[in-house]
Amino acid sequence: MTSAPGLLAVIDMQRVFADPASPWATPRFADAAAGVRRLLPAFGDRVAFTRFLAPGQPTGAWRAYYARWPFALQPPDAELWELADEFAGHMGHVLDATTFGKWTPELAERVGPEGRLVLAGVSTDCCVLSTALAAADAGTEVLVVADACAGVDNASHARTLHVLDLYRPLIRVTTVDDLLAGARP
């Protein structure tokens, strides 16, 4: 097996986005999960899963956000915040954040100052986008794996990928096949 360069950050592949009955269900979650499963072996231990969590006490504009989504005001150990069952075994390195963007100091440290961040997960038009832009602003090379991500709907996913591709060369949109074909030993 070859090894893909960089760190794979798998964004928010959690039950709250996987469950079709959830108000935050991502319709193509299973498609994104299939892409993530294909990527995992190429990255070995260079994988970080992230989880979106509600804050203990929302502040600022987050108060209005959680007024709209009160079901989400649950503690970090609530079932809805768990990684989807198929990824529960990959809990080796999980980064939690109460923000859409997951470009935290801990993730930045894992990537390193000259590293590459490869993004997959959900949702393309929210947390993936927010993470990609912050990482690119920090000077990190970012690859977004289109077929290992899913948006709130197909149109939002496609529009977001188009916008992200406008940030070349800081951010590049790629596919699982293209990324794996470029992997090196």
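Residues numbered from 1 in each chain as written. Predicted model: local features only at pLDDT ≥ 70, side-chain atom pairs only at ≥ 80, totals over all residues. Heavy atoms only, no water.

Chemist: Hey, could you run me through the packing of aromatic side chains in this one?
Modeler: Aromatic ring pairs are reported here in terms of the distance separating the ring centres and the angle at which the planes meet. Counted by the stated rule, this structure contains 16 aromatic pairs. A ring pair is formed by F17 and W24, whose centres lie 6.0 Å apart and whose planes are at 10 degrees; its orientation type is stacked. A relative accessible area of 11% places F17 in the buried class. Taking 5.2 Å as the distance between ring centres and 80 degrees as the angle between the ring planes, the aromatic pair formed by W62 and Y65 counts as edge-to-face. Taken together, the residues W62 and Y65, both in helix α3 (residues 62-68) and three residues apart, mark about one turn of the helix. The exposure class of W62 is partly exposed, given its relative accessible area of 24%. The class for Y65 is partly exposed, based on a relative accessible area of 23%. An aromatic cluster is present here, built from F17, W24, F52, W62, Y65, Y66, W69, F71, W81 and F100 joined pairwise through their rings. (Phe/Tyr/Trp six-rings, centres within 6.5 Å; stacked < 30°, edge-to-face > 60°. Buried < 20%, exposed > 50% of the residue type's maximum accessible area, 1.4 Å probe, protein only. Helix = DSSP H or I, 4+ residues; strand = E, 2+ residues; numbered from the N terminus.)

Chemist: What exactly am I supposed to notice about the pairing of strand β2 (residues 47-52) here?
Modeler: Regular strands have side chains that alternate between both faces of the sheet. Across the six residues that make up β2, a large majority, six, are buried. Every second residue of β2 is oriented toward a common face, with V47, F49 and R51 on one face and A48, T50 and F52 on the other, all of them buried. Both strand β1 (residues 7-11) and β2 contribute to a ladder of three bridges, which runs parallel. Across the sheet, V10 pairs through a bridge with F49, a residue of β2. (Pairing = 2+ DSSP bridges.)

Chemist: Which parts of the structure should I look at to understand the nonpolar core?
Modeler: One broad rule of soluble globular proteins: the nonpolar side chains tend to lie buried together. By size, the foremost hydrophobic cluster in this structure holds 37 residues, and its most contacted members are L8, M13, W24, L39, F43, W81 and F87. Those elements that place two or more of their residues in this core are β1, α1 (15-18), α2 (29-43), β2, β4 (116-122), β5 (141-150) and α7 (176-181). The element contributing the most residues to this core is α2, with eight residues. Here M13 is in contact with F29, A32, A33, T50, L83, A84, F87, G121 and V122, once residues within four sequence places are set aside. The next biggest cluster of nonpolar side chains, apart from the first, holds 22 residues, and it includes I11, V128, A132 and L161. (Core = buried A, V, L, I, M, F, W, Y, C linked by side-chain atoms within 4.5 Å. Contact = heavy atoms within 4.5 Å.)

Chemist: Help me understand the side chain of T26 in this model?
Modeler: Here T26 is to be found in the loop between α1 and α2. Residue class for T26 comes out buried when judged on its relative accessible area of 5%. If we skip the residues at most four places from it in the chain, T26 touches F17, V122, A150 and G151.

Chemist: Help me out: how do you make sense of the pattern of salt bridges in this one?
Modeler: Pairing is possible between side chains that carry opposite charge, provided their charged atoms lie close to one another. A full pass over the atoms with the stated rule returns eleven salt bridges. The shortest N-O distance in the salt bridge between D96 and R51 comes to 2.7 Å. Pair noted here: D96 is in strand β3 (residues 94-97) and R51 is in strand β2, with a separation of 45 residues, a long-range link. Accessibility expressed as a relative area gives 39% for D96, which makes it partly exposed. (Salt bridge = Lys/Arg side-chain N within 4 Å of Asp/Glu carboxyl O.)

Chemist: Help me out: how do you make sense of the sheet that holds β4 in this one?
Modeler: Pairing is parallel in the open sheet, where six strands are placed in the order β3-β2-β1-β4-β5-β6. Each of the sheet's edge strands pairs with one partner strand only, and the pair in question is β3 and β6 (171-174). With direction set aside, neighbouring strand axes in the sheet form an average angle of 25 degrees. Strand contacts of α2: β1, β2, β4 and β5, with the helix running at about 135 degrees to β5, the strand carrying the most contacts. (Axes fitted to C-alpha atoms, helices over the stretch in contact; angles between N-to-C directions.)

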